[in-house]
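Results of the structural survey
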Amino acid sequence: MTSDENAWYRQIGIVDQNGVASLDKTIDGDDDGIVSLLVMSDQLGAFRSGRGSVRINRDPEKRIRLDLSRGFVNPLPMSWLEVKEYFSGRGMSVHFDHNATKIDLWVGKSSCINGATSAEIWAVHGNGRALLGSGSTQDVPRAKPPRTMLDPASLVCCTASILHRLLAKEGLFWKEAVSDRWLTLTVRVDDLDPSDALEEISSEFGRGTSALTADGSGSLIRFRIPVEKTPFELVDVLHQSRIEPDHTGTGISDIGPIPAVSEDGRISFSGEPVPALLTEGDFLILGAGGTGSWASSLILGGCDNGVSITIIDGDAQVEKHNLNRQVLYQNEDLGKPKADAAKVALTRRFPEYSTGITSIPIHLGPHHTSTSSLDENEEMSFEAISACGSDHNQRVRTSLDDMGVALACLDNQAARTWLNKACLERGKAMVNGGSEGLMGVVECFEGDSCMVCRYGEREATSSEVVSCQEEGTRPVPSIVTSTAYVGAMMAAMALCVVARERSEMATIPPDRNWSSGAVQIRQPGRLPWFDGGCLSHL
């Protein structure tokens, strides 16, 4: 075990990390598909050197051509040997098996399949549509749709879905998820009551908690040891039962932003045309964590350099355990403000957009989002959201006024509701998304319903911080398959909202639920006891 394995701290309560590291598979597909598989496998901690291995069905001397996956790595590799060098340097065991006869994972565009394409699990995408299946692809029509703005997001939908199915098929998920675990330094102090003991004993780890000893003769003070100072092998000693391997997922699943399977079961990658690239648009992304990091890179992957993207996030620093699911950050970003690190990463990967990328390192608060005076409901807050005198406040308000669409990648419902109100007052759509463990949701609010009439006032105004950070009031387990899928769908939905406003598309993708790798259409609506306009609810 190494200190780098703390990067997987937030997923070890969901999956058998040793089993993930020991995976041994052969992968194939188009160039973007293979690189996407490698990037997300690296975030999972799969195929680790000394335990597992991944074999690429490519001639190592051949050059590589990347387009859709350019937002995932920096610098872009120019050859397959550079791909091996890059991922080997990150701890993966990467080899080549040119002309491999058995393929375990295959990801690529529909134009790359033929009658002989077969894999243990495959994922095919094109024209904003994507399918997941097993065995032969003979039932999937070979199509050559043009490159569209949704292709990067569709690729990530494929990669997240195929890796999630792989983990299920290998039986690597725990039966009971563990939401958090930590080590505690416990100190006994005799002849002092708990409050006095806390005044006398302190730690670099912050303020402790205290209680009387069982016999009442003293106090026990406990300090939680931060993740970055905790040896991984000491938090990986729990014994959990694994879910039995799932071999039932053999049918074709519709997993893309736009449905590829009709109601009568026909498969098609054609239909309403999707723009090649968006040439204009103002995207506001609230939160640059798991879903926000994926959404921001996929939005830029679907745009030309005439768009602007503003990232607002108040997290003071990128942490080690963010790296298992937040695609923008590397070890060199640790300790840096998350919004600023996101801007730097996006600028490096999309240098032609550098003038259109803005970061604001502040948390969203009710004082930013309303065009009117605050009412009593807007007085609620959580400790991280204050900064009322910050120099960034006017920049936040200006970004809200300029936005074409907002993406709520936030860690609490109250902030989502504040943003929802700001969007309603400005006549803009809000794409809302979040993931927790193996579950996720993506939905679009456009005025027919709001956070309050969909979830109820108590839930919509909750300031509980559901976070993967230690300071969250309810820490949650997190894994890249969930965050990447939700982030990809949020990006696709936001791109389609802007394209529709420009009369380049007529529809947007339907709301979705992600449930343990299964993709389901989410039926929008409002609670029956709410009537009237949504602004009156907020």
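What comes next concerns the included structure. (Residues numbered from 1 in each chain as written. Predicted model: local features only at pLDDT ≥ 70, side-chain atom pairs only at ≥ 80, totals over all residues. Heavy atoms only, no water.)

A few points about the overall build of the protein chain
Counting its regular elements, the protein chain contains 15 helices and 20 strands. Here the C-alpha atoms of the protein chain give a radius of gyration of 24 Å, agreeing with the 24 Å that 2.2 N^0.38 yields for 538 residues. The principal-axis extent of the C-alpha atoms belonging to the protein chain is close to 80 × 55 × 45 Å. Across the 538 residues of the protein chain, 56% fall into the buried class. For the protein chain, the computed accessible surface area is about 21,700 Å², with 48% contributed by carbon and sulfur atoms. (Helix = DSSP H or I, 4+ residues; strand = E, 2+ residues; numbered from the N terminus. Rg over C-alpha atoms; globule rule 2.2 N^0.38 Å. Buried < 20%, exposed > 50% of the residue type's maximum accessible area, 1.4 Å probe, protein only. Areas by Shrake-Rupley, 256 points an atom, 1.4 Å probe, with all protein chains shown as cover.)

Overview of the packing of aromatic side chains
All told, the structure shown has 5 aromatic pairs when counted by the stated rule. Note on Tyr485 and Trp514: the rings are 4.6 Å apart at their centroids and 25° apart in plane angle, and the pair reads as stacked. Taken together, the residues span a long stretch of sequence, with Tyr485 in helix H14 (residues 480–501) and Trp514 in strand E19 (residues 512–515) at a distance of 29 residues. Residue Tyr485 is classed as buried on the basis of its relative accessible area of 1%. (Phe/Tyr/Trp six-rings, centres within 6.5 Å; stacked < 30°, edge-to-face > 60°.)

Some words on the sheet that holds strand E2 (residues 53–56)
Sheet architecture is open: 7 strands sit in the order E3-E2-E1-E4-E5-E6-E10, paired in mixed fashion. Of all the strands in the sheet, just strand E3 (94–96) and strand E10 (253–254) have a single pairing partner and so form its edges. The pairing of strand E5 (residues 118–126) with strand E6 (residues 129–136) spans 7 bridges and is antiparallel. Bridge assignment links Val124 to a residue of E6, and that residue is Leu131. Sheet strands in contact with helix H3 (residues 80–88) are E2 and E3, and its direction is about 155° off that of E3. Here helix H4 (residues 151–169) sits on the sheet and contacts strand E1 (24–29), strand E4 (105–109), E5, E6 and E10; the angle it forms with E5, its principal contact strand, is near 160°. (Pairing = 2+ DSSP bridges. Contact = heavy atoms within 4.5 Å. Axes fitted to C-alpha atoms, helices over the stretch in contact; angles between N-to-C directions.)

Describing the pattern of salt bridges
With the rule as written, the count across this model stands at 28 salt bridges. Measuring nitrogen to oxygen at the nearest pair gives 2.6 Å for the salt bridge that ties Asp104 to Lys102. Exposure remark for Asp104: the relative accessible area of 5% places this residue in the buried category. Two residues, Arg522 and Glu443, come together in a salt bridge whose shortest N-O distance is 3.3 Å. With Arg522 in the loop between strand E20 (518–521) and helix H15 (534–537) and Glu443 in strand E16 (residues 439–445), the pair connects residues that are 79 residues apart, well separated along the chain. Of the residues examined, Glu443 reaches a relative accessible area of 0% and is grouped as buried. One continuous salt-bridge network, built from bridges that share partners, spans Lys25, Glu120, Lys169 and Glu170. (Salt bridge = Lys/Arg side-chain N within 4 Å of Asp/Glu carboxyl O.)

Section: the packing of helix H7 (residues 290–301) against H14
The interhelical angle for the contact between H7 and H14, taken along N-to-C directions, is 45°, at an axis separation of 7 Å. Between H7 and H14, the crossing angle belongs to the class labelled oblique. The element H7 and its partner H14 pack so that their crossing is right-handed. Between H7 and H14, the contacting residues are Gly290, Thr291, Trp294, Ala295, Leu298 and Ile299 on the first element and Val480, Thr483, Ala484, Val486, Gly487, Ala488, Met490, Ala491, Ala494 and Leu495 on the second. (Parallel < 35°, antiparallel > 145°, perpendicular 65-115°, else oblique. Left-handed = near helix turned anticlockwise from the far one by under 90°.)

Quick word on helix H8 (residues 338–349)
Between its terminal C-alpha atoms H8 stretches 16 Å, which fits the 16 Å expected from 12 residues at 1.5 Å a residue. Among the residues of H8, Lys338, Ala339, Ala341, Ala342, Ala345, Leu346 and Arg349 are the ones counted as buried. For H8, the arc enclosing every buried residue in end-on projection is 160°, short of the 170-degree limit, so these residues lie on one face. (Expected span 1.5 Å × (residues − 1). Arc of directions from axis to C-beta.)

Focus on H14
Taking 1.5 Å per residue as the helical rise, H14 with its 22 residues ought to reach 32 Å, and the 31 Å between its terminal C-alpha atoms agrees with that figure. The buried fraction of H14 amounts to 20 of the 22 residues, a majority that puts the element mostly inside the structure. Directly beyond the C-terminal end of H14, a positive phi value near 60° is found at Ser503.

A look at the side chain of His164
Secondary-structure assignment places His164 in helix H4. Apart from the residues lying within four places of it in its own chain, the contact partners of His164 are Phe173, Leu438, Thr481, Trp514, Ser516 and Gly517.

Quick look at the side chain of Thr230
Note on placement: Thr230 falls in the loop between strand E9 (218–224) and helix H6 (232–235). Judged by its relative accessible area of 5%, Thr230 falls in the buried class. There is a polar contact of 2.8 Å between the side chain of Thr230 and the backbone oxygen of Pro226. (Polar contact = N/O pair within 3.5 Å; in protein donor to acceptor, adjacent residues only side chain to side chain.)

Brief notes about the environment of Met493
The residue Met493 is located in helix H14 in this model. Owing to a relative accessible area of 0%, Met493 belongs among the buried residues under this scheme. The spatial distance from the C-alpha of Met493 to the C-alpha of Ile508 is 6.1 Å, given a sequence separation of 15 residues. In this structure Met493 touches Val431, Val442, Glu443, Cys444, Ile508, Pro509, Pro510 and Asp511, once residues within four positions along its chain are discounted.

Some thoughts on the packing of H4 against H14
Working note: a packed helix pair is described by the angle between its axes plus the distance between those axes. Their axes nearest at 8 Å, the elements H4 and H14 cross at an angle of 160°. The angle between the axes of H4 and H14 places the two elements in the roughly antiparallel class. Two packed elements cross with a definite hand, and for H4 against H14 that hand is left-handed. Contacts from Ala153, Val156, Cys157, Ala160, Ser161, Leu163 and His164 in H4 reach Thr481, Ala484, Tyr485, Ala488, Met489 and Ala492 in H14. Here the contact of H4 with H14 is built from residues that sort into 10 nonpolar, 3 polar and no charged. (Nonpolar A, V, L, I, M, F, W, Y, C, P; charged D, E, K, R; others polar.)

Quick word on the environment of Cys409
For Cys409, the position within the fold is in the loop between strand E14 (405–408) and helix H11 (413–426). Separated by 81 residues in sequence, Cys409 and Met490 have C-alpha atoms that sit 9.0 Å apart. The residues touching Cys409, leaving out its near neighbours within four places in the chain, are Ile285, Leu286, Gly287, Thr291, Gly292, Gly433 and Met490.

Structural notes on the state of the cysteines
Applying the stated criterion across every chain, the model contains 0 disulfides. Lacking any disulfide linkage, Cys303 is separated from the closest cysteine sulfur, that of Cys496, by 11 Å. When its relative accessible area of 2% is taken as the criterion, Cys303 is described as buried. Left unpaired, Cys496 is separated from the closest cysteine sulfur, that of Cys444, by 10 Å. Judged by its relative accessible area of 0%, Cys496 is buried. (Disulfide = S-S within 2.5 Å.)

Note that all results are geometric; they support no functional claim without further evidence.
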